[in-house]
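These are the residues of each chain, in order.
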Amino acid sequence: MTRILPPSVPALNRAAELLRTGQVVALPTETVYGLAADATRAEAIAKIYEAKQRPLDNPLIVHVGRGAASVPELIARGYVADPGRSSHQLDSAQQLVGRFWPGPLTVVLPRGPALPPEVSAGMSTVGLRMPFSEVFLELLDRLPFPLAAPSANRANRISPTSATDVLDELGGRIPLILDGGPTTVGLESTVVQVDEDGGIHLLRPGGLALEAIERATGKAVGHPADRSARSLSPGRRAVHYAPGKPLILARSDEDPGPVLARSPVTEPTRLALLLMLERDCPPAWSSALRGAELTIRSLGDPGDGSMAARQLFAELRALDAGPYDAILAELPARTGGMWPAIADRLTRAAARSRDRAQ
Ligand code: TXA
Ligand code: MG
């Protein structure tokens, strides 16, 4: 049985006890809900992969507490490998950690001896982050080890942003969900790799805007296309965050007719529109959608995408459960802020529908 408890002191103590005995617990971060286990024990890590049915080649993010707020401290604790000398890599990592932790930034560095290979799917690196979530930090305060935590969804499904989402995903498979309410960022952390020369490469756009990283470090962040990001971040398959219904993407100024024609539902009768910037069915869409029964959900975000990001996964989940043949979503034609992360999640959520149609 899976219990949902508000994060009271007794519930936090119960969660800590479960984690000390090698069990898994779901809990909120500021980005999405995570499924946590002792990051230093292979048997505990295995329980995460089992509950999520996650492919074993997809590494986990290790979440550290307030005591591990600097790179020297990460090295002292054995989370990051000790190069035995100063290095551009560690200086660059310290700039990021010092400025953005706690927060939605995961930094990939050489894995230290306190963390078993299982936590990063056998890779020599590890992704680390200090979450900005009081519940998570209070739990870490009670524990002598860091917590491995992927998003608390079954593999290849939408990440959960509330305790009930987690229950939908993992109910019956995990003992406890701490309910901290809906998450505030709404999509996963930005993942960057810090190279030996101190260069920073993006592995996944997310809850921290790239401009913020570039401003703070004075460095241009390299993009995945710059080199083989697939081998760097094996979890980044095209299909991910996928709803069960066909999800079709179009820009608001383009005719969605051709994409609809290539999609699994060529003549949708009941269509849900998920709009990011627009408030109403865009004029460029109306002729292709003539005759369809439309339900319109608008995230109506005129700004940097934070508002849309916060609601995106909850809306996708709700529309996926609704009485529609397909979802047609607006691919936002904006850069900066949360927009690249939103476009990334939408594109990957739509990948399965695209593959099916091909
Ligand atoms: O916001 C988040 O990051 C959430 C919350 C729970 O913290 N966690 C999360 O974890 O999204 P997950 O497992 O769903 O996604 C982790 C991503 C994957 O794309 C994985 O491939 C990448 O981070 N990653 C983790 N460790 C890595 C490593 N050593 N090298 C490259 N990529 C890594
Ligand atoms: Mg995930």
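One structure accompanies this document, and this report is about it.

Scoring rules and cut-offs
- Residues numbered from 1 in each chain as written.
- Chains lettered and ligands numbered in written order.
- Predicted model: local features only at pLDDT ≥ 70, side-chain atom pairs only at ≥ 80, totals over all residues.
- Heavy atoms only, no water.
- Helix = DSSP H or I, 4+ residues; strand = E, 2+ residues; numbered from the N terminus.
- Rg over C-alpha atoms; globule rule 2.2 N^0.38 Å.
- Buried < 20%, exposed > 50% of the residue type's maximum accessible area, 1.4 Å probe, protein only.
- Contact = heavy atoms within 4.5 Å.
- Areas by Shrake-Rupley, 256 points an atom, 1.4 Å probe, with all protein chains shown as cover.
- Lys, Arg positive; Asp, Glu negative; His and termini not counted.
- Charge placed at Lys NZ, Arg CZ, Asp CG, Glu CD.
- Near = heavy atom within 4 Å.
- Polar contact = N/O pair within 3.5 Å; in protein donor to acceptor, adjacent residues only side chain to side chain.
- Nonpolar A, V, L, I, M, F, W, Y, C, P; charged D, E, K, R; others polar.
- Salt bridge = Lys/Arg side-chain N within 4 Å of Asp/Glu carboxyl O.

### Thoughts on the overall build of the chain
Phase 1 of the analysis: Along the backbone of the chain there are 12 helices and 14 strands.
Phase 2 of the analysis: Expected size for 358 residues packed as a compact globule is a radius of gyration near 21 Å; at 21 Å, the chain falls within 12% of this value.
Phase 3 of the analysis: Within the chain, the proportion of its 358 residues that are buried is 56%.
Phase 4 of the analysis: Long-range contacts, defined as pairs at least 24 residues apart, comprise 70% of the intrachain contacts of the chain with a sequence gap of at least 6.
Phase 5 of the analysis: Carbon and sulfur atoms make up 51% of the accessible area of the chain, which amounts to about 14,500 Å² in all.
Phase 6 of the analysis: For the chain, the distance from the average position of its 39 positive side-chain charges to the average position of its 39 negative side-chain charges is 3 Å.

### Comments concerning the site of ligand 1
Phase 1 of the analysis: As a structural note, the neighbourhood of ligand 1 is formed by 28 residues, with Thr31, Arg54, His63, Ser189 and Arg204 the closest of them.
Phase 2 of the analysis: Here a nitrogen atom of ligand 1 and a side-chain polar atom of Thr125 are 3.1 Å apart.
Phase 3 of the analysis: Isolated, ligand 1 exposes 680 Å² of accessible area, and the fraction of that covered by the protein chains is 98%.
Phase 4 of the analysis: Looking at the shell around ligand 1, the elements that each hand over two or more residues are strand E4 (61–63), strand E6 (125–129) and strand E10 (200–204).
Phase 5 of the analysis: For the shell around ligand 1, the leading source of residues is E6, giving 4 residues.
Phase 6 of the analysis: Residues of the shell around ligand 1, tallied by class, amount to 12 nonpolar, 11 polar and 5 charged.

### Overview of the environment of Asp82
Phase 1 of the analysis: Structurally, Asp82 is set in the loop between helix H3 (71–76) and helix H4 (88–100).
Phase 2 of the analysis: The sequence separation of Asp82 and Thr106 amounts to 24 residues, and the corresponding C-alpha distance is 19 Å.
Phase 3 of the analysis: Polar contacts involving the side chain of Asp82 include one to the main-chain amide nitrogen of Gly84, which spans 2.8 Å.

### Overview of the pattern of salt bridges
Phase 1 of the analysis: In the structure shown here, the tally under the stated rule is 14 salt bridges.
Phase 2 of the analysis: A salt bridge links Glu188 to Arg345; the nearest nitrogen and oxygen atoms lie 2.8 Å apart. In this pair, Glu188 is assigned in the loop between strand E8 (176–178) and strand E9 (190–194) and Arg345 in helix H12 (residues 339–357), connecting sequence segments 157 residues apart. Residues Glu188 and Arg345 agree in their burial class; the two are buried.
Phase 3 of the analysis: The partner of Asp344 in a salt bridge is Arg345, with the nearest N and O atoms 2.7 Å apart.
Phase 4 of the analysis: One connected set of salt bridges, linked through shared partners, spans Arg157, Asp165, Glu169 and Arg317.

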